[in-house]
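Close look at the chain arrangement
Listed below are the residues making up each chain.
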Amino acid sequence: MRVPQSVGGVRGAYVGARERAIGGEMGRMGSAPDASVESTAGPGAGGAPAPWSLAPDAVLAALRADAGGLGSADAATRLAEVGANRLPPPERDPLWKRVLVHFDDILIYILLVSAVLKAILGDWVDFTVILAVAVINAAIGFIQEGRAESALDGIRQMLSVHAETRRDGAWAKVDADDVVPGDVVRVRSGDKVPADVRLLQATNLRVEESALTGESVAAAKSVDAVAADAGVGDRTSMLFSGTLVAAGQGVGVVTATGEATEIGRIQTMISEVTSLETPLTRQLDRFGKALAVLILGMAVVMVLVGRLVHDFSVAELVSASIGFAVAAVPEGLPALVTITLALGVQQMARRRAITRKLPAVETLGSVTTVCSDKTGTLTKNEMTARSVRTGAREFAVSGVGYAPDGEVALVGPDGGRGRHADLTEDPDLAAVATVMMLCNDARIVVGGSDDGGAGGWRLVGEPTEGAVRTLGMKAGVDPVGWSRVAVVPFESENKFMATQDRDPDGGLHVHLKGAPDRVLDRCATQTSPAGASEPLDRAFWERQIDALGGQGLRVLAAARRSAPTDPAAELVETLTDLELCGLVGIVDPPRPEAVDAIAQCRDAGIRVKMITGDHAGTAVAIGREMGIVGAAAGGRDAGADAPAVLTGPELEAMTTEELRAVVRDVDVYARTSPEHKIRIVSALQAHGEVVAMTGDGVNDAPALTQADVGVAMGIKGTEATKEAAEVVLADDNFATIERAVEEGRRIYDNIRKSVLFLLPTNGAQSLVILVAVLFGLTLPLAPVQVLWINMITAVTLSLGLAYERAEPDVMRRPPRDPGASILDAVFVRRILVVSLLIGGATMLVFYAERAQDTPLAEAQTTAVTMLALGQLAYLFNCRFLDRSSVTLDVLRGNRVIWISAGALIALQCVFVYAPFMHDWFDAAPIGLEEWGKTLGLSVVVFVLVEGVKWWGARRH
Ligand code: ATP
């Protein structure tokens, strides 16, 4: 057992400190396993005051921590004592139970009943073989499930959570596993709370705690202590591990980690990658069961005919019906589908798309519309300020990236580069640059170049903010002496950020930067070229915004005012009557690979829509550059009446019907807020579209849930979005979505190939037995021989198709109908024909051998060999669904197929030549002539199936 999260030093010291601080009461800081038992109900009889009921300082003192955070050495010591901040994985069933589950299967029941019947008849060899096969079959299921599980385990690992903690005096991102009691952590909207935390600061903080309290409305949090006996839902001064921050920001000290947290005590894993079951596996499961019933019915008919018409003995009939039942049930199918899905998911993760929910893999293959964010997904999210516009002038900014190397120059009347700008000579530029510098949380630091930094300069924070901070540095603004008094952080809904700052002389100022329309609405005046205030010319600014947006630039506006004297006024209430200083145009180059991916989506009949918070002009310009605007996909023409772009406010003014009428034809949605996304998805779904939707912000979660495939951003995305998503993009890149769709189509194809391959094995075998009994002929296959064939194809051949590469046309055909069954009419026909061909060939060789007086064992062995080789030949037909396999490609591209084929032949040789197999399976050695005949007939099967494929394709 692991050491509980808060024993030894930390707790001991804490208790000691508490004894001094609060008069010797036994302490618990939500972490002592012994004391935490009564935690939900508050501290029980004899319990001490709990952290939620203490003042922040008392909690800090008790944890031997301070608001400045821990030192990394202290944190490491605490981690060693307390253990990782992790919940133990949910308890797994014991091994014997997990093995036994694989016997809980209708086929195994049939096998076990057959074994008992064999025992009653005194046929001990068959009894043993059947039992052995039942065990081997269960073992195969068990091993395959283990492989699938470990594939998913690997993926779970990739979804690790980070926490922002204060270590050595600075904020640092650490693995949530490394958080310890006493750490000071910071959370903001969209984050998952990494541990149980006593708040030290809270700004508009609301937290969604339904995992703990069942309450889906987000709870407001504050620093004020609450009663010691408050229930979990009323502990408003605490944040609980695993809950999601819905809005605002907070800073607090960790009181408990891992198992000692509230969530740890109720042992629920909130974020779980779902199980191996999917709609498809359920569909196949149902199919298997229905088939089993049909088989039993047919077995009864067979027995009656055999007994009444042909006078077979009871022993023969028992043998035949066991053989028939065993032959007809496709027992390998569910395991095969599961392993194909799991391998596919692993492959997708390698291509940077992490699947959280297995069914999404199937849905991905039928996606018809992808709705994507712009910034960071379609574009690089490497922002550089290019242009500054003030009331009278324009400035050009040189340099790339976040390095402050470059200059700001005045643009001459002819559009050429003019003199170098100067803060004293150009007070209008100074105003814009100062606002951008102060109303900013990004830092440009030297050292390391992993964040796109040039010349060792690196951005810590948001790219948009980084771009304007670099601009401030290039312009020469020096923020030394300024201090921040209050902040309204940037939220996607507001589209602005505001700060109140004190200048070096003690004067208070309000600074606002944000989307230009939002800022304009709050302005009454503008900065004159001399730096004074003059009346606002709104029409002028709107023209400027359109001009900058038309060049595909992201536009930010800057505004300022002196702070009102009323000290009680909330900052957000003072954001009126501001002075507009100017605009900044920022480039964010498209990702070249996204442009290609969009073209590929178009070929695949998938329409791409851009949904962005950016200005309409910017969005259309980027959309055009990327091939989203002005291109119709999937054979649909863009509606003549549909506008090129729809903005959030326009969308709000529309009724649901009006939106539905245009939603398919509008490809760019600008100035949107997260709640618009959900309307867009619903409107598209009303047309039967299968929608993949990307998101990163906390408020995108409902839209991702509504979409058929929710796609979260792994880097930029909040934890809340990741939890709502089916797929997480490790690199935030649109091209990865396209690859995931391609992968989804490949996996679905491979499952179809596997089904198409496996079912005729059963068809052919049952046909052989059925025909023999109905016509009163000798059985070409003994039940144990049928088991042999089923087993060797399951362990060898069928696995090969899971590794099949994508067909070359996989992204050139239209999306799959999501409602269509995996077994369509063409497939059922092909399965029947192939069953007839392989079954026919088997009967042919058997009765031909018998006609030449070959002994039964030898003739049956030839029949078994025919089945094995026939299946092997058919495997090559199945490598390509509709494409002809009469090509050299059929020999290339999948090594596993050859390994499987080699294994099958080796096993079959053991069957034919190993003496012990002769005893167990009634096999007998066969000669070269028999091998030749069966091989020849297999080639005939291959050619005929190709003929069937060709005929089907022609009719199609
Ligand atoms: P997408 O949905 O494509 O990612 P986006 O990133 O442009 O779009 P938001 O981040 O919601 O969407 O930004 C919307 C607008 O808010 C931007 O166009 C910009 O004008 C403004 N904005 C973005 N970041 C900031 C910020 N840090 N401070 C102030 N304003 C900002």
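Here the structure is shown first, and the text comes after it.
Residues numbered from 1 in each chain as written. Predicted model: local features only at pLDDT ≥ 70, side-chain atom pairs only at ≥ 80, totals over all residues. Heavy atoms only, no water.

**Quick look at the overall build of the chain**
Note the following rule: For helices the rule is a DSSP run of H or I covering at least 4 residues; for strands it is a run of E covering at least 2, with both sets numbered from the N terminus onward. Burial here depends on accessible area, computed with a 1.4 Å probe over protein chains only, as a share of the maximum for the residue type. Under 20% is buried, over 50% is exposed, and the range in between is partly exposed. By the convention used here, residues are in contact when the closest approach between their heavy atoms is within 4.5 Å. Here, Shrake-Rupley sampling with a 1.4 Å probe gives the accessible areas, and only protein chains in the shown set may cover a residue.
Of regular secondary structure, the chain possesses 30 helices and 28 strands. Here the chain, with 956 residues, has 53% of them falling under the buried criterion. Sequence separation of at least 24 residues holds for 70% of the intrachain contacts in the chain that already meet a minimum separation of 6. As presented, the chain carries roughly 38,000 Å² of accessible surface, and 58% of it is formed by carbon and sulfur atoms.

**Overview of the pairing of strand 10 (residues 384–389)**
The test is simple: Strand pairing is assigned whenever DSSP identifies at least 2 bridges connecting the two strands.
Burial of strand 10 is extensive: five of the six residues sit out of reach of the surface. Sheet analysis places strand 10 next to strand 11 (residues 394–397), joined by three bridges and oriented antiparallel. Opposite arginine 389, over in strand 11, you have glutamate 394 as the bridge partner.

**Examining the site of the ligand**
The cut-off we apply is this: Proximity is defined per residue: any heavy atom of the residue falling within 4 Å of a molecule or strand makes that residue near it. Gly is placed with the polar residues, together with every amino acid not listed as nonpolar (Ala, Val, Leu, Ile, Met, Phe, Trp, Tyr, Cys and Pro) or charged (Asp, Glu, Lys and Arg). In this document the domain limits rely on a domain assignment from an automatic tool or a database.
Neighbouring the ligand are 21 residues, the closest being Lys374, Glu465, Ser492, Arg554 and Asp614. When the ligand is considered free in solution it has 620 Å² of accessible area, and contact with the protein chains removes 92% of it. Put simply, the parts of the chain that give the shell around the ligand at least two residues each are helix 14 (463–475), strand 18 (508–514) and strand 21 (554–562). Here the element with the most residues in the shell around the ligand is strand 21; it accounts for three residues. Its residues placed into classes, the shell around the ligand shows six nonpolar, six polar and nine charged. Viewed by domain, the shell around the ligand spans two of them, domain 3 (353–379 + 592–732) and domain 4 (384–587), each represented by three or more residues.

**A short note on the packing of aromatic side chains**
Condition: Here a pair means two rings of Phe, Tyr or Trp (six-membered ring of Trp) with centres within 6.5 Å. Their orientation is stacked below 30 degrees between planes, edge-to-face above 60, and tilted elsewhere. Geometrically, a charge over a ring is one whose NZ (Lys) or CZ (Arg) sits within 6 Å of the ring centre while staying within 35 degrees of the ring normal.
Tallied over the full model, the rule gives nine aromatic pairs. Seen from their ring centres, tryptophan 788 and phenylalanine 911 are 5.2 Å apart, and the 20 degrees between their planes marks the pair as stacked. Linking tryptophan 788 in helix 25 (residues 783–800) with phenylalanine 911 in helix 28 (residues 895–913), this pair joins segments that are 123 residues apart in sequence. On the basis of relative accessibility, which here comes to 5%, the residue tryptophan 788 falls in the buried class. A ring pair is formed by phenylalanine 846 and tyrosine 847, whose centres lie 4.9 Å apart and whose planes are at 80 degrees; its orientation type is edge-to-face. Take phenylalanine 846: its relative accessible area is 0%, and that puts it in the buried class. Residue class for tyrosine 847 comes out partly exposed when judged on its relative accessible area of 22%. Put simply, the rings of Trp788, Phe911 and Phe921 touch in pairs and so form one group of aromatic residues. In this arrangement the basic side chain of arginine 235 is found over the ring face of tryptophan 52, its NZ or CZ atom lying 3.8 Å from the centre. The ring of phenylalanine 827 carries arginine 752 above its face, with NZ or CZ at 4.1 Å from the centroid.

**A look at the pairing of strand 2 (residues 170–175)**
Direction of pairing for strand 1 (residues 162–167) relative to strand 2: antiparallel, over a ladder of six bridges. By the bridge assignment, alanine 163 is partnered in strand 2 with valine 174. Where strand 1 hands over to strand 2, the hairpin turn is made up of two residues, of which aspartate 168 adopts a positive phi near 50 degrees.

**Some points on the sheet that holds strand 26 (residues 691–695)**
Rule in force here: Angles shown run from 0 to 180 degrees and are taken between the N-to-C directions of axes, each axis being a line fitted to C-alpha atoms and, for helices, limited to the stretch in contact.
The eight strands lie next to each other as 8-28-27-26-9-23-25-24, forming an open sheet whose pairing is mixed. Lying at the two open borders of the sheet, with one neighbouring strand each, are strand 8 (353–355) and strand 24 (645–647). Between one strand and the next, the sheet's axes are offset by a mean angle of 20 degrees, whatever the strand orientation. Note that strand 26 and strand 27 (residues 709–713) share four bridges and pair parallel. Bridge pairing links threonine 694 to valine 711 in strand 27. The strands that helix 21 (residues 674–686) touches are strand 9 (369–372), strand 23 (607–611), strand 25 (668–670) and strand 26; relative to strand 26, the one it contacts most, it runs at about 170 degrees.

**Some points on unusual backbone geometry**
With phi around 50 degrees, arginine 64 is a residue other than glycine that occupies positive phi space. Topologically, arginine 64 is positioned in the loop between helix 2 (56–62) and helix 3 (72–82). Its identity is not glycine, yet asparagine 381 carries a phi of approximately 60 degrees, on the positive side.

**Here's the deal with the side chain of glutamine 908**
Heads up, the condition is: Whenever two N or O atoms come within 3.5 Å, that pair is a polar contact, provided that in protein one can donate a hydrogen and the other can accept it, and provided that, for residues adjacent in sequence, both atoms are side-chain atoms.
Among the structural elements, glutamine 908 can be located in helix 28. There is a polar contact of 3.2 Å between the side chain of glutamine 908 and the side chain of threonine 865. Not counting chain neighbours up to four residues away, the residues in contact with glutamine 908 comprise Trp788, Ile792, Thr861, Val864, Thr865, Ala868 and Trp931.

**Looking at a nonpolar patch on the surface**
Where we set the bar: In this scheme, patches are assembled from residues that exceed 30% relative accessible area and form no salt bridge. Like charges are connected within 9 Å, while nonpolar side chains (Val, Leu, Ile, Met, Phe, Trp, Tyr) are connected within 5 Å. Only one rule defines a salt bridge in this text: a Lys or Arg side-chain nitrogen within 4 Å of an Asp or Glu carboxyl oxygen.
A surface patch of nonpolar side chains, about 370 Å² in accessible area, is lined by Val113, Val116, Leu117 and Ile120. Mapping leucine 117 onto the fold places it in helix 5 (residues 106–120). What makes leucine 117 partly exposed here is its relative accessible area of 33%.

**Digging into the pattern of salt bridges**
What the rule picks out here adds up to 43 salt bridges. For the salt bridge of lysine 677 with aspartate 373, the shortest nitrogen-to-oxygen distance reads 2.8 Å. Here lysine 677 is found in helix 21, whereas its partner aspartate 373 is found in the loop between strand 9 and strand 10, with 304 residues between them in sequence. With respect to burial, lysine 677 and aspartate 373 carry one shared label: buried. Linking arginine 879 and glutamate 804 is a salt bridge whose minimum nitrogen-to-oxygen distance equals 2.8 Å. Of the two residues, arginine 879 is situated in the loop between helix 27 (856–878) and helix 28 and glutamate 804 in the loop between helix 25 and helix 26 (825–851); the sequence distance between them amounts to 75 residues. By the burial criterion, arginine 879 is buried, and glutamate 804 matches it. Among the charged side chains, a network of salt bridges with common partners joins Arg393, Arg419, Glu425, Asp426 and Asp428.

**Let's talk about the state of the cysteines**
Operational definition: Cysteine sulfur atoms are paired as a disulfide whenever they fall within 2.5 Å.
Under the criterion given, the structure shown has zero disulfides. Unpaired in terms of disulfides, cysteine 581 finds its nearest cysteine sulfur in cysteine 523, a separation of 7.8 Å. The exposure class assigned to cysteine 581 is buried, which follows from its relative accessible area of 0%.

**Details of helix 10 (residues 314–328)**
Going by this rule: Helix span is expected to be 1.5 Å times the residue number reduced by one.
Between the first and last C-alpha of helix 10 there are 21 Å, a value that for 15 residues agrees with the 21 Å anticipated at 1.5 Å per step. Counted residue by residue, helix 10 has 12 buried out of 15 residues, so it is predominantly covered. Those residues of helix 10 not exposed but buried are Leu317, Val318, Ser319, Ala320, Ser321, Ile322, Gly323, Phe324, Ala325, Val326, Ala327 and Ala328.

**Things to note about the nonpolar core**
To keep it simple, the criterion reads: Put simply, a nonpolar core is a bunch of buried Ala, Val, Leu, Ile, Met, Phe, Trp, Tyr and Cys residues held in one set by side-chain atoms that sit within 4.5 Å of each other.
Phe734, Ile769 and Trp788 are the most contacted members of the largest nonpolar core, which totals 140 residues. Looking at this core, the element that brings in the most residues is helix 24 (residues 734–774), giving 19 residues. Split by domain, this core shows at least three residues from each of two domains, domain 2 (277–336 + 743–955) and domain 3 (353–379 + 592–732). Setting aside residues up to four positions removed in sequence, phenylalanine 734 forms contacts with Val370, Ser372, Thr377, Leu378, Ala594, Ala597, Ile598, Cys601 and Val608. In this structure, Phe395, Tyr402, Ala558 and Ile586 belong to the second largest nonpolar core, which totals 29 residues.

**A look at the packing of helix 17 (residues 592–603) against helix 24**
Our working rule: Take the far helix as the reference: if the near one is turned anticlockwise from it by less than a right angle, the crossing is left-handed, and if turned clockwise, right-handed.
The contact between helix 17 and helix 24 brings their axes to 8 Å, and the two run at 35 degrees. Crossing angle aside, the handedness with which helix 17 passes helix 24 is left-handed. Between helix 17 and helix 24, the residues in contact are Glu593, Ala594, Ala597, Ile598, Gln600 and Cys601 and Phe734, Ala735, Glu738 and Glu742, respectively. Classifying every residue of the contact of helix 17 with helix 24 by side-chain character gives six nonpolar, one polar and three charged.

**What about the side chain of lysine 609?**
Here lysine 609 is to be found in strand 23. Judged by relative accessible area, which is 0%, lysine 609 ranks as buried. Polar side-chain contacts of lysine 609 include one of 3.3 Å to the backbone oxygen of valine 663. Among all residues touching lysine 609, those that are not within four sequence positions of it are Thr369, Val370, Cys371, Ser372, Val663, Arg664, Asp665, Val666, Asp667, Tyr669 and Leu684.

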